[in-house]
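Listed here are the chains, written in short residue letters.
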Amino acid sequence: MYSYEDRIRAVTLYIKLGKRTGATIRQLGYPTKNSLKSWHEEYERRLDLSSGYVRSKPKYSQVQKEQAVKHYAEHGRCIATTVEALGYPRDWKGTTIEQFIEVVDSYIRWYNEKRIKISLGALSPIEYRVSLGLAA
């Protein structure tokens, strides 16, 4: 993270050098091209830069992150299956309520009946219940 003074120095040099990102970065040794451009855009909009860094809203809640880590650890440490099973990131635009309900229902069914749990002896919940004689 760069200080206010570092960011102002970079933006003023960027403007002085004719908005040439490469020349600015070479001369200062920082920042990235995208950072420099976003700082300049902010400077143009506000005629100043914010004094501190403002974190945007997180993309995923803490609960979603914990579910992802738990699923990842319990299912062979495979990112692809974790993303697929948890269903995100996913674009829901154009999805009907019925389709959404179907996806959620299928995930719940998979979670409650088919997923393999290490704590259940590498069995699915249904297999575990059958092994205990609690289900037919």
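Structure: see above.
None of these values were measured; they are calculated from a predicted model.

The rules behind these values
Residues numbered from 1 in each chain as written. Predicted model: local features only at pLDDT ≥ 70, side-chain atom pairs only at ≥ 80, totals over all residues. Heavy atoms only, no water. Core = buried A, V, L, I, M, F, W, Y, C linked by side-chain atoms within 4.5 Å. Buried < 20%, exposed > 50% of the residue type's maximum accessible area, 1.4 Å probe, protein only. Helix = DSSP H or I, 4+ residues; strand = E, 2+ residues; numbered from the N terminus. Contact = heavy atoms within 4.5 Å. Axes fitted to C-alpha atoms, helices over the stretch in contact; angles between N-to-C directions. Phe/Tyr/Trp six-rings, centres within 6.5 Å; stacked < 30°, edge-to-face > 60°. Salt bridge = Lys/Arg side-chain N within 4 Å of Asp/Glu carboxyl O. Parallel < 35°, antiparallel > 145°, perpendicular 65-115°, else oblique. Nonpolar A, V, L, I, M, F, W, Y, C, P; charged D, E, K, R; others polar. Expected span 1.5 Å × (residues − 1). Arc of directions from axis to C-beta.

(A) Representation of the nonpolar core in the model. Ala10, Val11, Tyr14, Tyr30, Leu36, Trp39 and Leu49 together form the largest nonpolar core, which totals seven residues. Those elements that provide at least two residues to this core are helix 1 (4-16) and helix 3 (33-46). Here the element with the most residues in this core is helix 1; it accounts for three residues. When residues no more than four places from it in sequence are discounted, the contact partners of Ala10 are Thr24, Leu28, Tyr30, Pro31, Leu36 and Trp39.

(B) Expanded view of the packing of helix 6 (residues 97-114) against helix 7 (residues 125-132). Direction vectors running N to C along helix 6 and helix 7 enclose 35°, while the axes themselves pass 5 Å from each other. Contacts between helix 6 and helix 7 pair Tyr111, Asn112 and Glu113 from the former with Pro125, Ile126 and Arg129 from the latter.

(C) Main features of the packing of aromatic side chains. For the structure shown, the criterion picks out five aromatic pairs. Between the aromatic rings of Tyr2 and Trp39, the centroid separation amounts to 5.5 Å while the plane-to-plane angle is 80°, which identifies the pairing as edge-to-face. Here Tyr2 is found in the segment before helix 1, whereas its partner Trp39 is found in helix 3, with 37 residues between them in sequence. According to the relative accessible area criterion, Trp39 is buried, its value standing at 10%. Ring centres of Tyr107 and Tyr111 lie 6.0 Å apart, and the angle between their planes is 35°; this geometry places the pair in the tilted category. Placement of both Tyr107 and Tyr111 in helix 6 is noted, with a separation of four residues, approximately one turn of the helix.

(D) The environment of Ser119, seen in detail. Take Ser119: it is sitting in the loop between helix 6 and helix 7. Judged by its relative accessible area of 60%, Ser119 is exposed.

(E) Quick peek at the pattern of salt bridges. One pass over the structure, following the stated rule, counts four salt bridges. With a closest N to O distance of 2.1 Å, Arg109 and Asp105 form a salt bridge. Linking Arg109 with Asp105, this pair stays in helix 6, spanning four residues, or about one helical turn. Residue classification places Arg109 among the partly exposed residues on the basis of a relative accessible area of 39%.

(F) Broad picture of the packing of helix 2 (residues 21-28) against helix 3. One way to put it is that helix 2 packs onto helix 3 with a least axis distance of 10 Å and a crossing angle of 110°. As summarised for this structure, helix 2 and helix 3 are arranged roughly perpendicular, according to the angle between their axes. Facing helix 2, whose interface residues are Thr21, Thr24 and Ile25, helix 3 presents Lys33, Leu36 and Lys37. Residue composition of the contact of helix 2 with helix 3, grouped by class: two nonpolar, two polar and two charged.

(G) Region of the structure containing the side chain of Lys117. Secondary-structure assignment places Lys117 in the loop between helix 6 and helix 7. Once residues within four sequence positions are removed from consideration, Lys117 is found in contact with Lys70, Glu74, Ala122 and Leu123.

(H) Structural context of the side chain of Thr24. Structurally, the position occupied by Thr24 is in helix 2. Residues within four places of Thr24 in sequence aside, it is in contact with Ala10, Leu13, Tyr14, Leu17, Tyr30 and Leu36.

(I) Region of interest: helix 3. For helix 3, with 14 residues, the first-to-last C-alpha span of 20 Å sits near the 20 Å given by 1.5 Å per residue. When we look at burial in helix 3, the residues that qualify are Leu36, Trp39, His40 and Glu42. Buried residues in helix 3, looked at end-on, bunch into an arc of 160°, giving them a common side. Opposite the buried face of helix 3, at more than 90 degrees from it, the exposed residues are Asn34 and Arg45. If you follow the buried residues of helix 3, they end up packed against helix 1 and helix 2.

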